[in-house]
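Chain and residue survey
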2 protein chains.
Amino acid sequence: MPVLVVGSVAFDTLKTPYGQANEVVGGAATYFSITASFFAPVNIVAVVGDDFGPEQLKVFEGRRIDTRGIERAAGRTFRWSGEYTGDMNEAKTLDTQLNVFERFQPKLPAPYLASDFVFLANIQPTLQLAVREQLPNAKLVGLDTMNFWINGTPEDLRRTLARVDVLIINDKEARTIAGIDNLRRAAAAIRKLGPSTLVVKRGEYGACLFQENSIFFAPGYPLEEVHDPTGAGDTFAGGFMGYLASAGDLSDGCLRRALIYGSVMASFAVEEFGVSRLLRLTRSEIDARFNEFKSMTHFEV
Amino acid sequence: MPVLVVGSVAFDTLKTPYGQANEVVGGAATYFSITASFFAPVNIVAVVGDDFGPEQLKVFEGRRIDTRGIERAAGRTFRWSGEYTGDMNEAKTLDTQLNVFERFQPKLPAPYLASDFVFLANIQPTLQLAVREQLPNAKLVGLDTMNFWINGTPEDLRRTLARVDVLIINDKEARTIAGIDNLRRAAAAIRKLGPSTLVVKRGEYGACLFQENSIFFAPGYPLEEVHDPTGAGDTFAGGFMGYLASAGDLSDGCLRRALIYGSVMASFAVEEFGVSRLLRLTRSEIDARFNEFKSMTHFEV
């Protein structure tokens, strides 16, 4: 089943202890689409400027990604510049230029309206809600957000949360939304706001899946080197939602495997700058790392 | 098979956001012994002062703990006072009075020399080595240490590390010993110093087990409330070593289950102040939580 994503496509300028990259193609919808396309057909909704040409569009080519939903607007593409130091768990934003993204009004091409799986990447909650309402029959709607909206437009976010099935955020964001430090109690509070499933990303410590009657943990893959953490969260979401769309099933077993696939994909993304590792990734590499996760977590009673 | 532990027995004064406890029986060897005795017979080697009477010794009674190795010296028992605030991941030491522990020279009663499993809790590395050398035929020797020795007597610690099988420390200590931030590379460096197995405790994020050809992760148990983290690490070690001693087997499968039992026991210890939760713990509670760990980590391929 196809998965639809709404979010940013951007030019990123990145600096980490391993080097730097200038104006490479990035953005949440980019990382998500490339990743999810390993599992299912993807419909992408985004906006780019007139500086985003055929050369940049190549990152989506040769994959199951329908790019008819990438609108071209007059002006420059969204630009973000960030630096990672120390433990690289958080980026320091050096510069943000919203450009055409500032007036982004997501438009869904007619064929996209049949998308069963939907991921609303981190944009203004009212825009997320407007997209969600255009897809009343979606089987599963996932949402990301950030502290900027959690603190800045909490009422808008609440209205959006009430209409989604899965919230995929990091541990700090979970604590902030709930106003509770303890993760288990924060998860219970968030699930009362709407999403029946909560996925909490914990960086190098992995991820956890909170459902009504179960909690499931995936460890972080123990990489020897993290070259660039940019896009790890959106890549995680792409693996999670992409796998669910491919399975077409929302059972507990399926959600658990989805959490592992999200972790697998994020672990590859950070091995190189930007989307470069994802672009040359193969299905057999994905399967091998999935099996590694199994061997790193399983034990016999 | 019996497990021998050498370490501190103390009076602890504890303060956390949930309350406080004054001069309760604590110390690494105390937490370890009570915990390990759920799985195997325990031989404890420690020193107390003349203020440690029958009332205090009750914590060891009615369990498979041989206390002939608890030496009584003239003077006061070791006292520690600490406070936990915020995320409670680290104690702030308010006061330390070594008292009789300052001149502790571990003496092993003759029957103890047949102990197959040995845990050298956190004391001066030269004392740990002296005990280890008295048990040349031990099947498995585990070691704990702390930054005070890692930074203060690195050469002594290296000599001790060369003679043990399992090092059980927290992530900060692992990074300091190796001088490497990346945990996987730090683990590889530490394993070259002697211990074939490295167990890294990561607080609320669980624990990991590094062996020659495998890495295994246990999540932290998602408690809704942590009342007192004191002794969590020694309780973890007691569950880990105690289970291994009961199994008498050092296979990969056994070490994995040991890591889970360590996590299970530590998760109980922190539910109440001091050793009180451990004292009223039952085997069926342990088994139930072990099964919860399985359900929180397992998935089908």
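Just above, that's the structure.
To start, this report covers the structure provided alongside it. Quantities reported herein were computed from a predicted structural model and do not represent experimental measurements.

1. Thoughts on the overall build of chain A
A tally of helices and strands in chain A yields 11 helices and 14 strands. Here chain A holds 301 residues, and the buried ones make up 50% of them. Look at the contacts in chain A between residues 6 or more apart in sequence, and 66% of them connect residues 24 or more apart.

2. Things to note about the relation of the copies chain A and chain B
With an RMSD of 0.0 Å, the operation that places chain A on chain B is a rotation of 180° combined with a shift of 0.0 Å along the axis. Between the two chains, the operation in question is that of a two-fold axis. Most of the interface of chain A is mirrored in chain B, where 100% of its interface residues again form contacts.

3. Let's talk about the interface of chain A and chain B
Contacts between chain A and chain B engage 24 residues on the former and 24 residues on the latter. Every element with two or more residues in the side of chain A that touches chain B is listed here: α7 (183–191), β14 (215–218), α9 (252–269) and α11 (283–297) of chain A. Looking at the side of chain A that touches chain B residue by residue, the class counts come to 11 nonpolar, 6 polar and 7 charged.

4. Let's talk about helix α3 (residues 125–133) of chain A
Residue pairs spaced three or four apart in an α-helix point in one direction, given the helix's 3.6 residues per turn. What α3 of chain A keeps buried is the set P125, Q128 and V131 of chain A. Buried residues along α3 of chain A cover an arc of 120° about the axis, so they all sit on one side.

5. Points about the sheet that holds strand β7 (residues 79–83) of chain A
Residues and elements named next belong to chain A. Taken in spatial order, the 4 strands of this open sheet run β3-β2-β7-β8, and their pairing is mixed. This sheet does not close on itself; its edge strands, each paired only once, are β3 (19–26) and β8 (92–97). Adjacent strand axes in the sheet meet at a mean angle of 15° when their direction is disregarded. Pairing analysis gives 5 bridges linking β7 to β8, with the strands arranged antiparallel. Looking across to β8, one finds that W80 is bridged to T96.

6. What to know about the pairing of strand β13 (residues 207–210) of chain B
Residues and elements named next belong to chain B. Neither face of β13 is open: one carries A207 and L209, the other C208 and F210, and all of them are buried. Joining the antiparallel neighbours strand β12 (residues 197–201) and β13 is a turn of 5 residues, in which G203 adopts a positive phi near 60°. Pairing of β13 with strand β14 (residues 215–218), which is carried by 4 bridges, proceeds in the antiparallel orientation. Each bridged residue has a counterpart across the sheet, and for F210 the counterpart in β14 is I215. Taking the residues between adjacent antiparallel strands as the criterion, β13 and β14 are bridged by 4 residues.

7. Comments concerning the nonpolar core
Core analysis: the biggest nonpolar cluster contains 100 residues, and V3, V5, F240 and L259 of chain B have the highest contact counts within it. Here the element with the most residues in this core is helix α9 (residues 252–269) of chain B; it accounts for 10 residues. When sequence neighbours within four positions are dropped, the list of residues in contact with F240 of chain B reads I168, V199, A258, L259, Y261 and G262 of chain B. Ranked by size, the runner-up nonpolar core spans 99 residues in total, among them A121, L161, M241 and I260 of chain A.

8. Focus: the pairing of strand β2 (residues 10–16) of chain B
Residues and elements named next belong to chain B. Of all the 7 residues making up β2, 5 are buried; the element is thus mostly covered by neighbouring parts of the structure. Two elements, β2 and strand β3 (residues 19–26), share 6 bridges in a ladder whose sense is antiparallel. Its bridge partner being in β3, A10 is matched across the sheet by G26. Where β2 hands over to β3, the hairpin turn is made up of 2 residues, counted between the paired strands. Strand direction decides the pairing type here: β2 and strand β7 (residues 79–83), joined by 5 bridges, are parallel. Paired with F11 across the strands is R79, a residue of β7.

9. Some thoughts on the environment of V9 of chain A
All names here are of chain A. Relative to the helices and strands, V9 is located in the loop between β1 (3–6) and β2 (10–16). Overall, the presence of 30 C-beta atoms within 10 Å leaves V9 in the buried class. For the pair V9 and A29, spaced 20 residues apart in sequence, the C-alpha separation works out to 5.9 Å. If near-sequence neighbours (up to four positions away) are discounted, V9 is found in contact with G27, A29, T30, A46, V48, I70 and T77.

10. Focus on the packing of helix α1 (residues 28–36) of chain B against helix α8 (residues 232–247) of chain B
All names here are of chain B. α8 packs onto α1 with a crossing angle of 40° between their chain directions and a minimal axis gap of 7 Å. Between α1 and α8, the angle is such that the two are oblique. For α1 against α8, the interelement crossing comes out right-handed. Along its contact with α1, which presents A28, Y31, F32, S33, T35 and A36, the element α8 presents D234, T235, A237, G238, G239, M241 and G242. Here the contact of α1 with α8 is built from residues that sort into 6 nonpolar, 6 polar and 1 charged.

Parameters and conventions
Residues numbered from 1 in each chain as written. Chains lettered and ligands numbered in written order. Predicted model: local features only at pLDDT ≥ 70, side-chain atom pairs only at ≥ 80, totals over all residues. Helix = DSSP H or I, 4+ residues; strand = E, 2+ residues; numbered from the N terminus. Buried ≥ 20, exposed ≤ 12 C-beta atoms within 10 Å, placed from the backbone. Contact = placed C-beta atoms within 7 Å. Least-squares fit on C-alpha atoms with pLDDT ≥ 70 in both. Nonpolar A, V, L, I, M, F, W, Y, C, P; charged D, E, K, R; others polar. Arc of directions from axis to C-beta. Pairing = 2+ DSSP bridges. Axes fitted to C-alpha atoms, helices over the stretch in contact; angles between N-to-C directions. Core = buried A, V, L, I, M, F, W, Y, C linked by C-beta atoms within 7 Å. Parallel < 35°, antiparallel > 145°, perpendicular 65-115°, else oblique. Left-handed = near helix turned anticlockwise from the far one by under 90°.

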